[in-house]
Amino acid sequence: MNERIAVLMGGPGSERNVSMATGHGVAKALRSLGKEVIEVDVRDESFELPKNVDLAFIAIHGTFGEDGQVQQILENRGIAYTGDGVEESRTTFDKIRSKEKFREHSVATPEWEVIHQGERPTIPLPIVVKPPREGSTVGVVIVKTASDLESAIAEAAKYDQELLIEKFVPGRELTIGILGDLALPIIEIIPKGGFYDFNNKYPFLNPQAGGGATHVCPAKIDAPTTKQIQQLALKAYRALGLKVYSRVDVILPEKGDATVLEANTIPGMTEASLLPEAAAAAGIGYVDLCQRIIDLSRARMERAK
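Below is a short write-up of the structure.

The N-to-C vectors of helix 1 (residues 16-32) and helix 9 (residues 286-304) enclose an angle of 90°; their axes lie 9 Å apart at closest approach. One finds that helix 1 runs roughly perpendicular with respect to helix 9. Across the interface between the two elements, Thr22, Gly25, Val26, Ala29, Leu30 and Ser32 from helix 1 touch Tyr286, Val287, Cys290 and Ile294 from helix 9. By residue class, the composition of the contact of helix 1 with helix 9 is 7 nonpolar, 3 polar and no charged.

In structure tokens:
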């Protein structure tokens, strides 16, 4: 019998367009495997699913997709879904709760503190100001001079009253995809300008912005350091309670050890995305990657019974 899969895409958050691109890519891949696929454009919590769906493949990035909301709705409706569970999704999406987990499990991460609008950071400049519950670097500002601090806090505060302040660590931007217990080859990201922000991540959404980045995969890092960084990424992934798949972002300073920034539980699967690129470098094609995510998700749900 053909498996009937609803691909949930879009969502009400700031990453809607990227999520649509991911959803279309996943749907095409699953159809090539002979599955019956229904594409569902999710706009809010009242989305409708077709009858007799065997599985919901979540392709919604950021708010609503990665923060446990859609997972809770699907659980309430008795629908199996891809990715990690409600609590793990909620914890990983919240950068403050992630940092608490990293501290609890001794995962190396930049120095950090939490402030509210109107308060001043105590960590000396340079710092990074982040709204804790947004994805794709939305609202993230690097502050190097005191004159820029107020506007950075105001920008991040558009998204949340509680803000994460993190010590800015200059270094090579790395990301490590994880499938189950497998750390994929490391990708180094070299943005065209500034840091790896929304425009550099998704240049096809806004070609006029001149964004983009060079990806080096596997990153040019010696074998012992590569293994050390992959183990660090796995440690962060496990500290967050993740079991299915993720992408862990890491900074490698010029001197000193690698340090974890955050993890993403539903990383992009678009034409410009990093997880499919890392999987391909490990010999796992896009279609196989989608099937593996389904298999790992089913295994997680079986263990949770």
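Taking burial as the measure, the 7 residues of strand 1 (residues 4-10) include 6 buried ones, the bulk of the element. When strand 1 meets strand 2 (residues 36-42), the two strands line up parallel, connected through 7 bridges. Among the inter-strand pairings, Ile5 is bridged to a residue of strand 2, identified as Val37. With helix 1 bridging strand 1 and the parallel strand 2, this β-α-β connection has right-handed handedness. Pairing between strand 1 and strand 3 (residues 55-58): 4 bridges, direction parallel.

Now for the pattern of salt bridges. For the structure shown, the criterion picks out 20 salt bridges. Where Arg133 meets Asp160, a salt bridge forms, and the shortest distance between an N and an O atom there is 3.0 Å. Within this pair, whereas Arg133 is found in the loop between strand 5 (127-130) and strand 6 (141-143), its partner Asp160 is found in the loop between helix 5 (149-156) and strand 7 (162-167), the two being separated by 27 residues in sequence. Among the residues examined, Arg133 registers a relative accessible area of 29% and is labelled partly exposed. Linked through salt bridges whose partners overlap, the residues forming this network are Asp94, Arg133, Asp160 and Glu162.

Glancing now at helix 3 (residues 86-93). Among the residues making up helix 3, those that are buried are Val86, Ser89, Thr91, Thr92 and Phe93. Structurally, helix 3 contributes buried residues whose contacts are with helix 2 (69-76), helix 4 (95-104) and strand 13 (259-264).

The subject of this paragraph is the sheet that holds strand 3. By way of backbone hydrogen bonds, the strands of a sheet pair with one another, either parallel or antiparallel. Strand order in the open sheet formed by 3 strands is 2-1-3, and the pairing between neighbours is parallel. The open sheet has two edge strands with one neighbour each: strand 2 and strand 3. Going across the sheet, the axis of each strand differs from the next one's by a mean of 25°, ignoring polarity. Taken strand by strand, helix 1 contacts strand 1, strand 2 and strand 3, and its axis lies near 160° from that of strand 1. Relative to the sheet, helix 2 contacts strand 1 and strand 3, its axis offset from that of strand 3 by approximately 175°.

Moving on to empty space enclosed by the protein. Scanning the entire structure with this criterion turns up 2 cavities of 30 Å³ or more. Reported here for the second largest cavity is a volume of approximately 30 Å³. Forming the boundary of the second largest cavity are Lys95, Ser98, Lys99, Lys130, Leu164, Glu166, Leu261 and Glu262. Here the element with the most residues in the lining of the second largest cavity is helix 4; it accounts for 3 residues. Across the lining of the second largest cavity, the residue classes tally to 2 nonpolar, 1 polar and 5 charged.

Attention shifts here to helix 4. Among all positions of helix 4, only Lys95, Ile96, Ser98, Lys99 and Phe102 are buried. The arc enclosing the buried residues of helix 4, seen along the axis, measures out at 155°, which places them on a common side. Its buried side turned inward, helix 4 meets helix 3, strand 4 (112-116), strand 5, strand 7, helix 7 (223-239) and strand 13. In this structure Asp94 caps helix 4, since a side-chain oxygen of it lies 3.0 Å from the backbone nitrogen of Ile96. Immediately beyond the C-terminal end of helix 4, within one or two residues, lies Ser106, with a positive phi of roughly 55°.

Thresholds, definitions, all that
- Residues numbered from 1 in each chain as written.
- Predicted model: local features only at pLDDT ≥ 70, side-chain atom pairs only at ≥ 80, totals over all residues.
- Heavy atoms only, no water.
- Axes fitted to C-alpha atoms, helices over the stretch in contact; angles between N-to-C directions.
- Helix = DSSP H or I, 4+ residues; strand = E, 2+ residues; numbered from the N terminus.
- Parallel < 35°, antiparallel > 145°, perpendicular 65-115°, else oblique.
- Contact = heavy atoms within 4.5 Å.
- Nonpolar A, V, L, I, M, F, W, Y, C, P; charged D, E, K, R; others polar.
- Buried < 20%, exposed > 50% of the residue type's maximum accessible area, 1.4 Å probe, protein only.
- Pairing = 2+ DSSP bridges.
- Right-handed = clockwise from strand over helix to strand, strands pointing away.
- Salt bridge = Lys/Arg side-chain N within 4 Å of Asp/Glu carboxyl O.
- 1 Å grid on protein atoms, 1.4 Å probe; cavity = no way out; pocket = protein on both sides within 12 Å on 5 of 7 lines; lining within 4 Å.
- Points joined across faces, edges and corners; volume = space filled by probe spheres on them.
- Arc of directions from axis to C-beta.
- Polar contact = N/O pair within 3.5 Å; in protein donor to acceptor, adjacent residues only side chain to side chain.

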